[in-house]
Amino acid sequence: MSNKKHILMKKQKLEYSPNINKLRYFVFTPILCMIFSFTFAQQAINGIVLDENSQPIPGVSILEKGTNNGVETDFDGNYSMDVSSMNSILVFSSIGFSSQEVAVENQTIISVTLQEDVSLLEEVVVTTGYGTKKRRDITGSIASINAGQIDSRPIASVEEALQGMVPGLNIAQRASSPGELGTISIRGLGSITAGTQPLWVIDGFPTDQRNAQSINPADIKSVDVLKDASSTAIYGSRGANGVIIITTKSGIKGRSNLNLTITNGSASAPKSARMTVLNAEEYVQFHKEKNGGIIPDFIANNWDGVTDTDWQDLIFRNGQYQNYAISASGGNEKVTYLLSGNYVDQQGIVMGEGQKKYSARAKVDFKASDRVTVGINLAPNITTVGRKSPGTDDSDWASLYAQSLMLAPILPIKRGNGTFSMNSDLPGSLPVGNPMETMQNWEFDQSFFSLLAGMNLNIEITEGLNFMSSFSANIGTSKSETYYLPTVGQTVPIAMSPVSSYNTGQNQSTSWLNENTINYKKVIGDHSFDLLGGYTVQHNIFESVSANTSELKVPGVKNVNIGNSDNLSGANSKNESSLISYLGRLNYSLKDKYLLTATVRSDGSSVFGENNRTQTFGSAALGWRFSEESFFQEQDLVTNGKLRISYGTTGSNAIPSFASRATFSTLEHAFGSNAVFGTTLGNPGNSSLTWETAKQLDIGLDFGLFNNRLNIVFDYFNNETTTLLLTKGIVPSSGYASFLTNIGSMRNKGLEITLNTEIVRTEDWKWYIGGNITTNDQEILDLGGEDEIQNFFGALRRVVGGELQQIRGPKVIGIARVGDDQSAQHLQTPGALIYEDVNDDGKISNFLGADGQLVGDTNVDLIYGFNTNVRYKNWELSALLNGQSGAWVYDFFLIQLGASFRQTNLSKEFWYDGRYIDEANPGNGITPAADGFDTASGPVSSFGSVKTDYWRIRNITLNYDIPKSFSDKLGLSSAKIFTSVENLHTFTDFVGGNPEARRASAGGPSLIGGSQIGSVTDGRELGLNSPPGLPLPRTWTLGINLNF
Amino acid sequence: MKTKKDNSRDIMKQGFLKSKINMICCIVFVVLISSCSTDFLDVAPDDRIDAAAFFSNPDQLVFAVNGLYASQRDIFGDLNFYDLIETRSDNTKNNGQDQKERIETDTFEETSGNLLLIKAWTKNYILINNANTIISRAPDVSFNNSLEELLVTRSIGEAKFLRAMTYFTLVNMFGDLPIRTEPTNDFNNANMARSSVSDVYALIVSDLNDAISSLPDTYDGGSFNEVGRATKLAAQTLLGKVQLQQGNKPEASSALQNIIGRYALLTNYADIHAAGNDSNAESIFDISFNPENQTGLGLNNFFIPTSVAGSLGIVAGGFAGKLPCNPTQDVLDIYEDGDLRASSSFALYDNNGSMEPYISKYIDIAAAANGSNINLVMLRYADVLLMKAEADGENAASYELINQVRRRAFGKDPSIADFIIDISAASSGTFSEKVMLERRREFLFENHRWFDLKRLPPSEALSIINAHLTSEYGDAPTMDAHSLIYPIPQSEIDISDGLVTQNPGY
């Protein structure tokens, strides 16, 4: 067959109506395609034009440069044309897309992907959950970022890519050791005890943060953050905290590509980000002042007068960062594929910390017929994480960072006899361990394996009617080992065991999901309908097992039988849950101006009480594209405008699987030496336990000005969470202290403003600026009749009318001076902290008493991000800033651990600089004298309640696109070099470490002497910092990206 | 989801299914929807004991009873509880630098919010709720033979014995109590008002009579029949104690009469609390502690200074700070020369140059991280003898009972009269004073003194306490009658919206 004939046939096809015999069409198209690829002559060219989501673009004009020769793509994005020369250049252009030039260069198939023009945000396709929509048709609040905003940054996971980029999304890197998860919330924390984490959906699979973190950032095509009820109601009982949808890249037909990215760099903890502690001279001076001007014996007898150890310098290092990502993609009419692999080796800034990630992805779509597509997506991942001390996240005393801050500078690394020195060498001092010793003796290793695998089937039953079914599974295992071998004969450091120990634990989670949806799209005149119906089933099992032993007989052997058999103990657990859902959604638009979205989802969840297992959630939203109205057409300032209003309910089912069921727990007992098995009433259960329900209102306004070069999005949100899952007190004589029930309510309301503008757009220059601000006003409305709930001994409280967590204590109002009457105060010496006597009783109480008052709120009231991007020819410079304000934290470390009343080292900024020395040197009026801190009122007071406001230069990246002429010579289709710095600097008044750091939650509220509700958080992590968080690493990288 | 089924049917009817695959898919879809059922949502835990399925056989009943003994160990092994009972008396004092709550209960300055009280109240009622659960569900437990039937009956008896003992503690601490005899199931209607002390005692007596009729005299020691469980004799002894506490002396005497001759005084007083000397010939009911099974006694760590632990060679144990609980000066002086109970109860140690007393009664040289192998003896034969004497009043037989206890204390044979050691009507003091003094010497640091004082006329008890406070603290507040019972924990009052009332004076 001649080429011409093929082309003819193909053209002919376009004229066929859909009713024409389809069988021929099905059979011939693929065959034709294959033949094309083998037999095309020099002057004929064909291909397909797709958008970034691999959707064909009809009506793209293709022009042979310098001629009048041109064609347009058909409905399926296909084109074919003859060109006059193999050296011709083709220009592809279409409304809403940046035009693109491609040199023919002996190619016969030229398929291109057109990039959507950023200034035309309205045309961007957004993943809405169970479907996609153009941004112009969206009625809810959805923010998106795409691959271009991730690619050049030295980030190991998606969380880092999102920080500062999305209004309403707060990502706090609580712990900055590699492999630690950030704390993420959307539009404020909407729950007190149940989870506040958004739902993560990866390629349609609802899963958790750990899985999202394991994704290779280079695989990510887009991340869509669903924030209001209109968007999240389709996820029903899991939508209350928002939904983050990650879509991975796919192969594109006719466009083979091999992409290699190598990034190398180094991370460090800059001195400016560390906590500054006293050097030996300052330490001696401080203790001399504290001791009435005389050098205390513990220094005189133990300091050689020379030793000045900087313990932080000993634990921090330059951590190497390496990232290798390779991907191959392509496809033909029948099959598209993407294969990718990624290796990340990220050393921590603290000795011995680091993670390694190995991940791969195979994504293949097979078009079995013109109407049937089968796809498979496999993504295995292995991550290993290690460190050489108890983590900063769970140890006040024994993490390397905490030890390095507290250990006195007058101590040498090793004593004269060659053993490691410790704080207990100073008589009367706390036995803070030596980080060098801990590093030598402690090992912690963790490894994760996960496999997210899915198959999907898509059938176009008839024009506009699609059936889709998917079956996917997520299998994850993790293993951890802790091994500790204390130095023989040394004093036991605080928080460390006197004997050697070994612990090993494994857990496995298995989750499967079946989703079936039918989607029908129809346009009738001015009316456009998009209907979705579906049925999904998900089942999750999480199992864990662990074993511990101690007093290891043969050091170095990691086997639980090596220890003292008396100390061998084990534990296991299993949690299981099921979810069955029916969902439906209607999108309707009239004249492309009036938009309606109605969503309903009915969920049945096994985790709730048998009386309350199913519930229906729903939302409705209206949109009005007022810029399409005729009265708006006459001006040209506002080129795009849309008003959106949505209201709906979503739920949160983030409670432990069996919290609703009463259980017996076990108690050991022995009569004499005869051990017996005992049971006691455990979790009280509650057969009426049900969802937390969030009622969410969102009013949004989208503006495109100056031909859409300035885009502004406003969103007002008001989210009220009701039927909060709270533990309610019950009379103790009942035999219980409390039970979990649904009471109370809270609200988050605020405003999000996003602004994106392209200030300069010329041939050579492009300058883009974007920014976003979110405010959040949080209030507890009701606590089931209680006025407050106390935690952390009453230092932290939830109070009706207040934010989710408050810090309570006496308020410091100054420093005592000579001659002041301070008779009410505990310490009446000049230089002592003075507290406010609220009830004027002439006494200062501690935080529990009458003088306790609100000294800090923990909600982040304002978050913001700012990014800019300047492009000149092949050079591109971008910067990202982000920050927050309004949240306070109780810094228990400053006050209790590294405090002036101890002999540990302490924060120079907090305790030393500006302190009161004498009347001639009264200091800054804030910092007390060395002996001016009073432990009776001091434990919790406004003195330790500190602001966590900061702003940070999060990232600066410089990109250079290697000129085409040069990359061609190397056989590359494109290449670029980039250099980047992450976390360049944080501007903050916060003392030392990371202002976002918080204490890990200590688990569920313990019922006195009785049962405990597992893994219900007590929210302590909101208000408490102890130990201090590691500074965020400053990471410099250099990278290269090659496309073959 | 009828609509979707209909939807699928409509699709079929329209007849545009050109491909078999399409049809198969639609069928699969319909099948999937209809195959789901609510069973899928009924996920029961299999890694823990689901309460709904528990108590399916008598063995499980025994497990729950074992849990009661374990709870009792948790209550009495807790320093905070010791503080409320023993340190409250004139036997010990707090060092004044301890936790605020523990200092306040020692100096009679506690408020109703005191955490120690809330803990003690809660822990005791947790035990009661567990006992109630056993007592209420045991009758429905099916059994296959007479042995199993016996287990069911015995379990109810043990639960009643332990419930009685717990109510006895609570009523002496708090006075009127909510009397709960049914398990708590309805959390929204769990409030209950207090009943009078006499009603509480009526329940205790009735529980003990039930226990007496269903418990064996002894246990053979096999599995499920471990020595150390509550016996009929223990129930009778406790009944005697309960009657005596109420002032029902004839009833007390007759209950205690059953025990006379059934146990013996150990030759050596110090052996009563010797490590490993569990359920000895003098002991009628112990709370068992055993480090091998991770249930060792840790309470005594607070009594022993680190330096002493070190010099004795105790690997783990000893208290590094200021001891929270110290013998009073007063109690050091109550012993006569040669009374071996003094050296078995306290000793002196060098506290930075000054010699100070500490409680030495509970020392296990072999104690390790898992605690000491020492049982707390709750009911013992010496107590029976002294209670019987107290119940019977002043007569020669009573003096003989007292003297048996005294003779052993001086290392003599209890059955042989000793004119130096023996006391009689001619000895100084009233009979009551003599009995009280002997009890104080015999049961020093064993949680008896505070409840013993409550049997005295309130004015006498108060004058003893006031004298103690004045001598130890100088400026201590003067006590009045309300101080003889603790305040009801404030959380009980608050959560019950005032249905539970406070004791007068708080």
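Residues numbered from 1 in each chain as written. Chains lettered and ligands numbered in written order. Predicted model: local features only at pLDDT ≥ 70, side-chain atom pairs only at ≥ 80, totals over all residues. Heavy atoms only, no water.

This paragraph deals with the overall build of chain A. Counting its regular elements, chain A contains 15 helices and 52 strands. Taken against the 2.2 N^0.38 rule, which gives 31 Å for 1044 residues, the C-alpha radius of gyration of chain A at 32 Å falls within 12% of a compact globule. Going through the 1044 residues of chain A one by one, you find that 56% of them count as buried. Pairs at least 24 residues apart make up 68% of the contacts formed inside chain A by residues separated by at least 6 positions. On chain A, roughly 40100 Å² of surface is accessible, and the fraction owed to carbon and sulfur atoms is 55%. For chain A, the distance from the average position of its 81 positive side-chain charges to the average position of its 103 negative side-chain charges is 7 Å. (Helix = DSSP H or I, 4+ residues; strand = E, 2+ residues; numbered from the N terminus. Rg over C-alpha atoms; globule rule 2.2 N^0.38 Å. Buried < 20%, exposed > 50% of the residue type's maximum accessible area, 1.4 Å probe, protein only. Contact = heavy atoms within 4.5 Å. Areas by Shrake-Rupley, 256 points an atom, 1.4 Å probe, with all protein chains shown as cover. Lys, Arg positive; Asp, Glu negative; His and termini not counted. Charge placed at Lys NZ, Arg CZ, Asp CG, Glu CD.)

Residues and elements named next belong to chain A. By secondary structure assignment, the location of Glu909 is in helix α13 (residues 908-912). The partly exposed category is assigned to Glu909, whose relative accessible area is 42%. Along the backbone, Glu909 and Asn342 are 567 residues apart, and their C-alpha atoms lie at a distance of 43 Å. Look past the residues within four positions of Glu909 in its chain and what remains in contact with it is Thr276, Asp989 and Val991.

Residues and elements named next belong to chain A. The 5 strands are arranged β10-β15-β16-β13-β14 in an open sheet whose pairing can be described as mixed. Across the chains shown, the open sheet's two edge strands, defined by having one partner strand only, are β10 (142-146) and β14 (205-207). This sheet shows a mean twist of 20 degrees between the axes of neighbouring strands, independent of strand direction. Bridging between strand β13 (residues 199-202) and β14 involves 3 bridges; their strand directions are antiparallel. By the bridge assignment for β14, Val201 is matched with Pro206. (Pairing = 2+ DSSP bridges. Axes fitted to C-alpha atoms, helices over the stretch in contact; angles between N-to-C directions.)

In this section: the nonpolar core. Side chains of nonpolar character tend, in soluble globular proteins, to be buried together. By size, the foremost hydrophobic cluster in this structure holds 138 residues, and its most contacted members are B:Phe161, B:Ile204 and B:Phe285. Among the elements that make up this core, the one with the highest residue count is helix α7 (residues 146-174) of chain B (13 residues). Among all residues touching B:Phe161, those that are not within four sequence positions of it are B:Leu208, B:Ala211, B:Leu215, B:Ala230, B:Ala234, B:Ala235, B:Leu238, B:Phe285 and B:Leu379. With 64 residues, the next largest nonpolar core counts A:Ile315, A:Leu407, A:Leu411 and A:Ala795 among its residues. (Core = buried A, V, L, I, M, F, W, Y, C linked by side-chain atoms within 4.5 Å.)

Here we come to the domain arrangement of chain B. Residues and elements named next belong to chain B. What the domain assignment lists for chain B is domain 1 (18-293 + 377-474) and domain 2 (299-376). Summarising the inter-unit geometry, the C-alpha centres of domain 1 and domain 2 are found 25 Å apart. Of the residues lining the interface, 47 residues belong to domain 1; the matching set on domain 2 comes to 35 residues. Taking both partners together, domain 1 and domain 2 bury about 3500 Å²; carbon and sulfur atoms supply 56% of that area. Contact with domain 2 buries area across many residues of domain 1, yet Pro291, Arg441 and Phe445 alone supply 19% of it, more than any other trio. Between Lys361 and Glu446 there is a salt bridge, with the nearest N and O atoms lying 2.7 Å from each other. Applying the counting criterion to the domain 1 and domain 2 interface returns 24 residue pairs in polar contact (both at pLDDT 80 or more). Only α4 (79-87), β2 (92-93), β3 (283-287), β7 (376-380), α15 (396-409), α16 (431-442) and α18 (458-473) provide two or more residues apiece to the side of domain 1 that touches domain 2. In terms of residues, the side of domain 1 that touches domain 2 owes the most to one element, α16, which gives 5 residues. (Domains from an automatic or database assignment. Buried area = accessible area lost by both parts, 1.4 Å probe. Salt bridge = Lys/Arg side-chain N within 4 Å of Asp/Glu carboxyl O. Polar contact = N/O pair within 3.5 Å; in protein donor to acceptor, adjacent residues only side chain to side chain.)

Residues and elements named next belong to chain A. In terms of strand pairing, strand β19 (residues 335-347) meets strand β20 (residues 354-367) through 13 bridges, oriented antiparallel. Its bridge partner being in β20, Asn342 is matched across the sheet by Ser359. Where β19 hands over to β20, the hairpin turn is made up of 6 residues, of which Gly352 adopts a positive phi near 85 degrees. Where β20 and strand β21 (residues 372-387) come together, 12 bridges link them in antiparallel fashion. Note on β21: the bridge partner recorded for Gly354 is Gly386. Between the antiparallel neighbours β20 and β21 lie 4 residues.

Taken together, the side chains of A:Glu786, A:Asp787, B:Asp494 and B:Asp497 define an acidic patch exposed on the protein surface. By secondary structure assignment, the location of A:Asp787 is in the loop between β38 (777-782) and β39 (788-791). Of the residues examined, A:Asp787 reaches a relative accessible area of 62% and is grouped as exposed. (Patch = residues over 30% accessible without salt bridge, like charges linked within 9 Å, V, L, I, M, F, W, Y side chains within 5 Å.)

Many analyses report the size of an interface as the accessible area lost when the parts associate. Each partner contributes residues to the interface: chain B has 67 residues there, and chain A has 69 residues. Surface buried jointly by chain B and chain A totals about 6100 Å² across both partners, of which 66% is contributed by carbon and sulfur atoms. Summed over the three residues of chain B that lose the most area to chain A, namely B:Phe40, B:Leu41 and B:Phe187, the buried surface amounts to 13% of that side. Close ionic contact of A:Arg613 with B:Asp42 constitutes a salt bridge, the shortest N to O distance being 3.5 Å. Linking chain B to chain A there are 25 residue pairs in polar contact (both at pLDDT 80 or more).

What follows deals with α18(B). Residue and element names in this part refer to chain B. If you check α18, its first and last C-alpha atoms are 22 Å apart, about what 16 residues at 1.5 Å a residue would give, namely 22 Å. Ala461, Leu462, Ile465, Asn466, His468, Leu469 and Glu472 are the residues of α18 that are buried. Down the axis of α18, the sector holding all buried residues measures 160 degrees, keeping them to one side. Looking at α18, the residues exposed on the side facing more than 90 degrees away from the buried face are Ser459 and Ser471. Looking at the buried positions of α18, the neighbouring elements they touch are β2, α5 (100-106), α12 (329-332) and α17 (449-453). Gly474 sits one or two positions beyond α18 and adopts a positive phi of about 75 degrees. (Expected span 1.5 Å × (residues − 1). Arc of directions from axis to C-beta.)

The next point concerns the packing of helix α3 (residues 58-76) of chain B against α7(B). All names here are of chain B. Where α3 contacts α7, the axes come no closer than 9 Å and their chain directions differ by 20 degrees. Put simply, α3 runs roughly parallel to α7. With respect to the hand of their crossing, α3 and α7 are arranged in left-handed fashion. Together, Pro58, Asp59, Leu61, Val62, Val65, Leu68, Tyr69, Gln72 and Phe76 of α3 and Glu148, Leu151, Val152, Arg154, Ser155, Glu158, Ala159, Leu162, Met165 and Thr169 of α7 make up the contact between the two elements. (Parallel < 35°, antiparallel > 145°, perpendicular 65-115°, else oblique. Left-handed = near helix turned anticlockwise from the far one by under 90°.)

Our next topic: helix α9 (residues 232-246) of chain B. Residues and elements named next belong to chain B. Compared with an ideal rise of 1.5 Å per residue, which puts 15 residues at 21 Å, α9 spans 21 Å between its outermost C-alpha atoms and is within 8% of the ideal. α9 sits mainly inside the fold: 13 of its 15 residues count as buried. Looking one or two residues beyond α9, the residue adopting positive phi is Gly247, at roughly 90 degrees.

It is worth spelling out the packing of α9(B) against helix α14 (residues 381-392) of chain B at this point. Residues and elements named next belong to chain B. Running from amino to carboxyl end, α9 crosses α14 at an angle of 40 degrees, the nearest separation of the two axes being 11 Å. The handedness of the crossing between α9 and α14 comes out as left-handed. Between α9 and α14, the contacting residues are Thr237, Lys241 and Leu244 on the first element and Asp383, Val384, Met387, Glu390 and Ala391 on the second.

Residue and element names in this part refer to chain A. If you walk across this open sheet you meet the 4 strands as β3-β2-β5-β6, and the pairing is antiparallel. Since the sheet does not close on itself, it has two edges, and those belong to β3 (70-72) and β6 (100-103), each with one partner. Across the sheet, the axes of successive neighbouring strands diverge by a mean angle of 20 degrees, strand direction being ignored. In the sheet, strand β5 (residues 89-93) pairs with β6 via 4 bridges, with the strands oriented antiparallel. When the sheet's bridge partners are listed, Leu90 is paired in β6 with Val102.

Right, let's get into the pattern of salt bridges. Taken as a whole, this structure holds 77 salt bridges over all chains when the rule is applied. A salt bridge links A:Lys558 to A:Glu443, with the shortest nitrogen-to-oxygen separation between them at 2.5 Å. Placement of the pair is A:Lys558 in the loop between β25 (527-550) and β26 (569-590) and A:Glu443 in strand β22 (residues 442-462), with a sequence separation of 115 residues. On the basis of relative accessibility, which here comes to 32%, the residue A:Lys558 falls in the partly exposed class. The class of A:Glu443 is partly exposed, set by a relative accessible area of 24%. B:Glu442 is paired through a salt bridge with B:Arg341; the nearest N and O atoms lie 2.9 Å apart. Separated by 101 residues along the polypeptide, B:Glu442 in helix α16 and B:Arg341 in helix α13 (residues 340-345) bring together distant segments of the chain. You'll find B:Glu442 and B:Arg341 in the same group, each marked buried. Ionic contacts of the salt-bridge type, sharing partners, join the residues B:Glu282, B:Glu336, B:Asp339, B:Arg341, B:Lys361, B:Arg380, B:Arg406, B:Arg408, B:Glu438, B:Arg441, B:Glu442 and B:Glu446 into one network.

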